[in-house]
Amino acid sequence: MKKGKLIIVESGTDGSGKATQAQKLYDKLILQGKNVRKITFPNYNSPACTPVKMYLSGEFGEKAEDVNAYAASTFYAIDRFASFKTEWGEFYNNGGIIISDRYVTSNMVHQAVKMTNSNEREAYLDWLYDLEYNKYGLPIPDCVVFLDISPDISEKLMKDRANKFTGEQEKDIHESDKEYLVNCYNNSLDIVNKYGWKRIRCNKGEILRSIEDISEEVYGLIKEYI
């Protein structure tokens, strides 16, 4: 049985266009007749995502740091495991192409930042890799495309965007904490280098590149993997 391919669209900030670029890539591959599916994490429609929603809505603490990285990571890992087992694992294991908006990579970006020094961060990343890829048996990505957009521009784009799972204007505990988001972005640049992700710079100074321009670069980076 030939396993498929797993392509991740990731970023270090919200509002970077991950969902848009994942959809554009999916559409391109469909037009080419590829056997492809698109998935998104967190999977807010799944019962397995309940702990994630509780965490983001502040039920475990009003700040992201109120829940340690190891505990928070398990919330997201369970959501991914449930999704893999019930929605796309068979498709992937039979050779299908999966395009994912976020993945294990998001824990690397948004949870590792909670560590106070580099040794703790490295220990956490090793633990996370073992938990999700080895113990949970989730597929390792073939390619991670990282959309690099400055936090200042991201903040402007996020200003009027509704909460992703409530649909309301009130932001979740990640989105409402500017310092945390800036720290996540800075941490993500280290993660990109550590794991060899494909980095796309989405802005030139204060000017944001067009969706189509970024989409073409995304496709150019992933086409060798499919």
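Going by the structure above, here's the rest.
Heads up: these notes are all about the structure in this document.

Criteria and cut-off values
Residues numbered from 1 in each chain as written. Predicted model: local features only at pLDDT ≥ 70, side-chain atom pairs only at ≥ 80, totals over all residues. Heavy atoms only, no water. Helix = DSSP H or I, 4+ residues; strand = E, 2+ residues; numbered from the N terminus. Expected span 1.5 Å × (residues − 1). Buried < 20%, exposed > 50% of the residue type's maximum accessible area, 1.4 Å probe, protein only. Arc of directions from axis to C-beta. Axes fitted to C-alpha atoms, helices over the stretch in contact; angles between N-to-C directions. Parallel < 35°, antiparallel > 145°, perpendicular 65-115°, else oblique. Left-handed = near helix turned anticlockwise from the far one by under 90°. Contact = heavy atoms within 4.5 Å. Nonpolar A, V, L, I, M, F, W, Y, C, P; charged D, E, K, R; others polar. Phe/Tyr/Trp six-rings, centres within 6.5 Å; stacked < 30°, edge-to-face > 60°.

### A short note on helix H8 (residues 211-222)
Stage number 1. Compared with an ideal rise of 1.5 Å per residue, which puts 12 residues at 16 Å, H8 spans 17 Å between its outermost C-alpha atoms and is within 8% of the ideal.
Stage number 2. When H8 is considered as a whole, its buried residues turn out to be Ile214, Ser215, Val218, Tyr219 and Ile222. The buried side chains of H8 occupy one side of the element, clustering within an arc of 140° when seen end-on.

### Looking at the packing of helix H3 (residues 69-93) against helix H5 (residues 118-135)
Stage number 1. In contact at an axis separation of 11 Å, H3 and H5 are set at 25° when each is read in the N-to-C sense. On the basis of their axis angle, the class for H3 and H5 is roughly parallel. Both H3 and H5 take part in a crossing whose hand is right-handed. On H5, the residues touching Ala69, Tyr70, Ser73, Thr74, Ala77 and Arg80 of H3 are Ala123, Tyr124, Trp127, Leu128, Leu131 and Glu132.
Stage number 2. Its residues assigned to classes, the contact of H3 with H5 shows eight nonpolar, two polar and two charged.

### A closer look at the packing of aromatic side chains
Stage number 1. If you walk through the whole model with that rule in mind, you get 15 aromatic pairs.
Stage number 2. Where Tyr55 meets Tyr76, the ring centres are 6.2 Å apart and the plane angle is 85°; that geometry is what we call edge-to-face. Of this pair, Tyr55 sits in helix H2 (residues 50-56) while Tyr76 sits in helix H3, placing them 21 residues apart in sequence.
Stage number 3. You can call Tyr76 buried: its relative accessible area is 9%.
Stage number 4. In textbook terms, an aromatic cluster arises when at least three aromatic residues are bridged by ring pairs, as seen for Phe41, Phe84, Trp88, Tyr92, Tyr103, Tyr129 and Tyr133.

### What to know about the packing of helix H1 (residues 18-31) against H8
Stage number 1. Packing of H1 against H8 leaves a shortest axis separation of 10 Å and a crossing angle of 60°. As judged from the angle between their axes, H1 and H8 are oblique. The way H1 lies across H8 gives a crossing that is right-handed. Contacts from Thr20, Gln21, Lys24, Leu25, Lys28 and Leu29 in H1 reach Ile211, Glu212, Ile214, Ser215, Glu216, Val218, Tyr219 and Ile222 in H8.
Stage number 2. Here the contact of H1 with H8 is composed, by residue class, of seven nonpolar, three polar and four charged.

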